[in-house]
Amino acid sequence: MTAPAISFEFFPPQNLEASFRLWDTVQTLAPMDPRFVSVTYGAGGTTRDLTRDAVATLHKSSGLNVAAHLTCVNATREETLRIANDFAAAGVSELVALRGDPPKGSANFEPHPEGFANSVELIEALAETGKFNIRVGAYPDKHPEAASAQADIDWLKRKIDAGASEAITQFFFEPDTFLRFRDACAKAGIDAPIIPGILPIENWKGARNFAKRCGTEIPAWLDNAFAKAERDNRQDLLATALCTELCSDLLDEGVESLHFYTLNRPELTRDVCFALGITPQITLENVA
C-alpha cells in the first residue's frame, strides 16, 4: 500500500493551556510531512482574530504550508477581503473558503447586509485577486440545510467553477459513503480532487453528537462497538483500528490524499498515520 498524502486540521487556541496543546499537536504531527495544515474559524466567526494569529505564527515558525479558514459570517465584504489580504501580506496563500456556521443561538445562516451571501460569492471574490489557492467544503452525507444530496453536489460544482482547486469533505464513518459521493461528483462533471475528511474518534459520545449536528449518518454497529469497547476499556484500541481500516479501504479504492480532523489531540491521528505506513520525515525546531 502506497502511503497517502496527508493534511491536518487544527483549531486556534483560546487560552494559554490551549496554546500549549496546539504547539504539542503541531510538534507531534509535523514530522509526518503534511501537504498542508489548516486552522479553523469558530461558529459565527468567533475566533477570527485567533485564527489570524495562529495562522501567522504557524506560518512564520513551523515551516509548514498553512491554510487559513475564511468565512463570510458576521462580516462585510470589505472586512472579509481585508482579512484575506492580511493573510496574503503575511505570506499565506492557502485558504479554505466556507460560508460558515451560524452564530450560537441562531438557527440559520443570515448574510451580513453588506457581506457575501454565500460561499460561491466569497470564492469568486477571492479567485479574482489571484493571490490564493482555494479549497472548499463538501458533504458526502446531505448537509442539514440542503434540499437533497444532489443539491449538495450541484453546489459543490458551483464552488469549483467559481475558482476552488480542491474540496475537503465533512467526516463520515463508512468508506462507501465517500465512494458513492466521489462517483456522483464525477458524474456531475466535477474533476477537481475531493479529499476525504477523516475524524479519529477520541470520544464516541462527542463524535456522535457532532455527527448529528452535521447530518453525518451514524451506523448502528458503531454504537454497539463503542458500548462494548467502553465496558472493556478498549476505546482507544477500537478507535485506532476503525480509523485505520477506513483509511485503508479508501486507499484501496484509489484515494491518494487524506485530511485528518485532529481536534488538537494528536496521538490517535499519529498512530493511524503510523499504521498506514506514514513515517516521520522532518523535525520541527522553531515552534516554541
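Residues numbered from 1 in each chain as written. Predicted model: local features only at pLDDT ≥ 70, side-chain atom pairs only at ≥ 80, totals over all residues. Heavy atoms only, no water.

Visitor: Provide a residue-level description of the pattern of salt bridges, including the pertinent values.
Guide: Enumeration over the complete set of coordinates arrives at 10 salt bridges. A salt bridge links Lys228 to Asp232; the shortest N-O distance between them is 3.2 Å. Of this pair, Lys228 and Asp232 are both found in helix α8 (residues 220–232), four residues apart, which corresponds to roughly one turn of the helix. Between Arg270 and Asp271 there is a salt bridge, and its shortest N-O distance comes to 3.2 Å. Accessibility expressed as a relative area gives 26% for Arg270, which makes it partly exposed. (Salt bridge = Lys/Arg side-chain N within 4 Å of Asp/Glu carboxyl O. Helix = DSSP H or I, 4+ residues; strand = E, 2+ residues; numbered from the N terminus. Buried < 20%, exposed > 50% of the residue type's maximum accessible area, 1.4 Å probe, protein only.)

Visitor: Give me the lowdown on helix α10 (residues 266–275), citing residues and values where you can.
Guide: Listed in full, the buried residues belonging to α10 are Pro266, Leu268, Thr269, Val272 and Cys273. Buried positions in α10, seen along its axis, are confined to an arc of 165 degrees and lie on one side of it. Buried residues belonging to α10 abut β1 (5–10), α1 (16–29), α9 (235–252) and β8 (257–261). (Arc of directions from axis to C-beta. Contact = heavy atoms within 4.5 Å.)

Visitor: Before we move on, can you summarise helix α7 (residues 204–214) with the specific residues and values?
Guide: When we look at burial in α7, the residues that qualify are Trp204, Ala207, Ala211 and Cys214. On an axial view of α7, the arc spanned by its buried residues comes to 90 degrees, and they lie on one face. Relative to its buried face, α7 has exposed residues pointing more than 90 degrees away, namely Lys205, Lys212 and Arg213. Its buried side turned inward, α7 meets β6 (166–171) and α8. The N-cap of α7, judged by a side-chain oxygen 3.1 Å from the amide nitrogen of Lys205 a few residues on, is Asn203. Downstream of α7 by one or two residues, Gly215 has phi in the positive range, about 80 degrees. (Polar contact = N/O pair within 3.5 Å; in protein donor to acceptor, adjacent residues only side chain to side chain.)

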